[in-house]
Amino acid sequence: MKSILLTLIVSIFVLSGCATWKGVKQDSSDAWDATKEGTSKAYKSTKKAIHNATE
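This report concerns the structure included in the present document. These figures come from a predicted structure and were not determined experimentally.

## Details of the overall build of the chain
So, point 1. In terms of regular secondary structure, the chain is built from two helices and zero strands.
So, point 2. The buried share of the chain, taken over its 55 residues, is 5%.
So, point 3. When the accessible surface of the chain is summed, it comes to about 5100 Å², and 67% of that surface belongs to carbon and sulfur atoms.

Dropping the structure here:
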């Protein structure tokens, strides 16, 4: 019963920020784009650091 109630509350919070399913999908897309950008920067900086250390 607690898990059902918790799931319901979480769903309400997620959907309250977006009026439609399209809004939820857009928010997820924006979050994924930010994640890809952040990991790309981290990868490039790590690659550069390794290159500089091995020169």
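## Some points on the environment of Gln 26
So, point 1. As for its position among the elements, Gln 26 is in helix H2 (residues 21-54).
So, point 2. You can call Gln 26 partly exposed: its relative accessible area is 43%.
So, point 3. Of the polar contacts made by the side chain of Gln 26, one reaches the side chain of Asp 30; its length is 2.8 Å.

## Remarks on the pattern of salt bridges
So, point 1. Evaluated as defined, the whole model comprises two salt bridges.
So, point 2. Here Asp 33 and Lys 36 are joined by a salt bridge, their closest N and O atoms 3.8 Å apart. Note that Asp 33 and Lys 36 are positioned in helix H2 at a spacing of three residues, about one turn of the helix.
So, point 3. Assessed through its relative accessible area of 37%, Asp 33 is described here as partly exposed.
So, point 4. Owing to a relative accessible area of 42%, Lys 36 belongs among the partly exposed residues under this scheme.

Scoring rules and cut-offs
Sequence positions are assigned chain by chain, starting from 1 and proceeding in written order. Reporting of local features is limited, given that this is a predicted model, to residues whose pLDDT is at least 70; pairs of side-chain atoms are given and counted only at 80 or more, and all residues count toward the totals for whole chains, interfaces and linings. Side-chain measures here rest on the full set of heavy atoms in the structure, leaving out hydrogens and waters. In this text, helices come from DSSP runs of H or I with a minimum length of four residues, and strands from runs of E with a minimum of two, each type numbered from the N-terminal end. Burial classes follow relative accessibility: with a 1.4 Å probe on protein chains only, a residue under 20% of its type's maximum area counts as buried, one over 50% as exposed, and anything between as partly exposed. Per-residue accessibility takes into account occlusion by the displayed protein chains alone, with areas from the Shrake-Rupley method and a 1.4 Å probe. N or O atoms closer than or at 3.5 Å make up a polar contact, with two conditions inside protein: a donor-capable atom paired with an acceptor-capable one, and, for residues adjacent in sequence, both atoms drawn from side chains. When a carboxyl oxygen of Asp or Glu lies within 4 Å of a side-chain nitrogen of Lys or Arg, that pair is called a salt bridge.

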